[in-house]
Amino acid sequence: MSTHQSSTETIPAVGAVPRHVAVIMDGNGRWAKRRFLPRVAGHHRGVETVRTLVRACIERGVQYLTLFAFSSENWRRPPEEVGVLTQLLRTALTDEVQRLHRNGIRLRVVGDLAAFGPALVADIDRAHALTQDNDRLTLTVAANYGGRWDILHAANALALAQPERAGSWTEAELAPFLAMHYAPEPDLFIRTGGEQRISNFLLWQLAYTELYFTEVVWPDFNEVEFDRAIESYQRRERRFGRTSEQLKASAPASAPPACC
Ligand code: IPE
Ligand code: IPE
Ligand code: MG
């Protein structure tokens, strides 16, 4: 299936393991507060969870992992905290990128990146170039990312590219201009930290993603918690607007019978 085709039009092959997992890593501040530590201690600790999850995805055969690291709304936080979050991104792009490369991971950073300044943008370009041919896992970090920004940016780019078709653009024509055009839409969305909202993450791409919310805060999230999320995903029936009966009727002949 083309990655440009909407999952609302075509039912993607549903595997036991989600092909693409997208995560809102929330609860770092609360983790720190409970321990009477500064909020930024939670962000530092959260980096450990990222390493754990990357390893877990590779071991389980997940092909795309997308992490929300900094939203377009997070600039509203105190400047010291914004500074630490930006510094963590810089460290990941410089110190960690060799390790990612050695492990066969393709790194992509998506968002309105110019706001981070030319030095960081150059680091991102270098990390993209170094890891672009790796195919064990595509790790996407969303930074200064907002779902509304993404859709608007894509619409503006399409307007410039195909002005003569204004009024007739299709989903398939818009999709290549979205920030994550290289990936299938997420199968499983996980939000840690107890909040049950999307917070302007992948608004377009999450149209038919299975949503999983957990009270566990991000620094405490681990492989056991990840497997819980995957088990929850495996119990879902992804219908994409169809009925349950339609899905069973179109199941491949080799599939075991639904009953008996
Ligand atoms: C998520 O943890 C990390 C980022 C937003 C970058 P928070 O910092 O939002 O933690 P809480 O929600 O305040 O506990
Ligand atoms: C969402 O978390 C953004 C990231 C994890 C990067 P927030 O903590 O910023 O979300 P809200 O403000 O509680 O919705
Ligand atoms: Mg939060």
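About the thresholds
Residues numbered from 1 in each chain as written. Chains lettered and ligands numbered in written order. Predicted model: local features only at pLDDT ≥ 70, side-chain atom pairs only at ≥ 80, totals over all residues. Heavy atoms only, no water. Axes fitted to C-alpha atoms, helices over the stretch in contact; angles between N-to-C directions. Helix = DSSP H or I, 4+ residues; strand = E, 2+ residues; numbered from the N terminus. Left-handed = near helix turned anticlockwise from the far one by under 90°. Contact = heavy atoms within 4.5 Å. Nonpolar A, V, L, I, M, F, W, Y, C, P; charged D, E, K, R; others polar. Near = heavy atom within 4 Å. Areas by Shrake-Rupley, 256 points an atom, 1.4 Å probe, with all protein chains shown as cover. Buried < 20%, exposed > 50% of the residue type's maximum accessible area, 1.4 Å probe, protein only.

S.K.: Teacher, can you tell me more about the packing of helix α3 (residues 79-94) against helix α5 (residues 118-131) here?
M.R.: How two helices sit against one another is set out by the angle between their axes and by the gap between those axes. Running from N to C, α3 and α5 point in directions that differ by 35°, and their axes come no closer than 9 Å. The two elements α3 and α5 meet at a crossing, and its hand is left-handed. Note on element contacts: α5 touches α3 through Leu120, Asp123, Ile124 and Ala127, opposite Thr86, Leu89, Arg90, Leu93 and Thr94. Across the contact of α3 with α5, the residue classes tally to 5 nonpolar, 2 polar and 2 charged.

S.K.: Got a minute to help me understand the site of ligand 2 in this structure?
M.R.: What surrounds ligand 2 is the set Ile24, Met25, Asp26, Phe68, Ala69, Phe70, Ser71, Asn74, Arg77, Arg191, Arg197 and Ser199. Starting from 390 Å² of accessible surface for ligand 2 in isolation, the protein chains cover 78%. With 4 residues, strand β2 (residues 64-71) is the single largest residue contributor to the shell around ligand 2. Here the shell around ligand 2 is composed, by residue class, of 5 nonpolar, 3 polar and 4 charged.

S.K.: For this particular structure, what's the right way to read unusual backbone geometry?
M.R.: Across residues other than glycine, the phi torsion is negative in most instances, and most of the peptide bonds are trans. Unlike most non-glycine residues, Phe36 shows phi in positive territory, near 55°. Overall, the relative accessible area of 79% leaves Phe36 in the exposed class. A positive phi angle is found at Ser199, which is not glycine, with a value near 45°. Structurally, Ser199 can be placed in the loop between β5 (188-191) and β6 (210-213).

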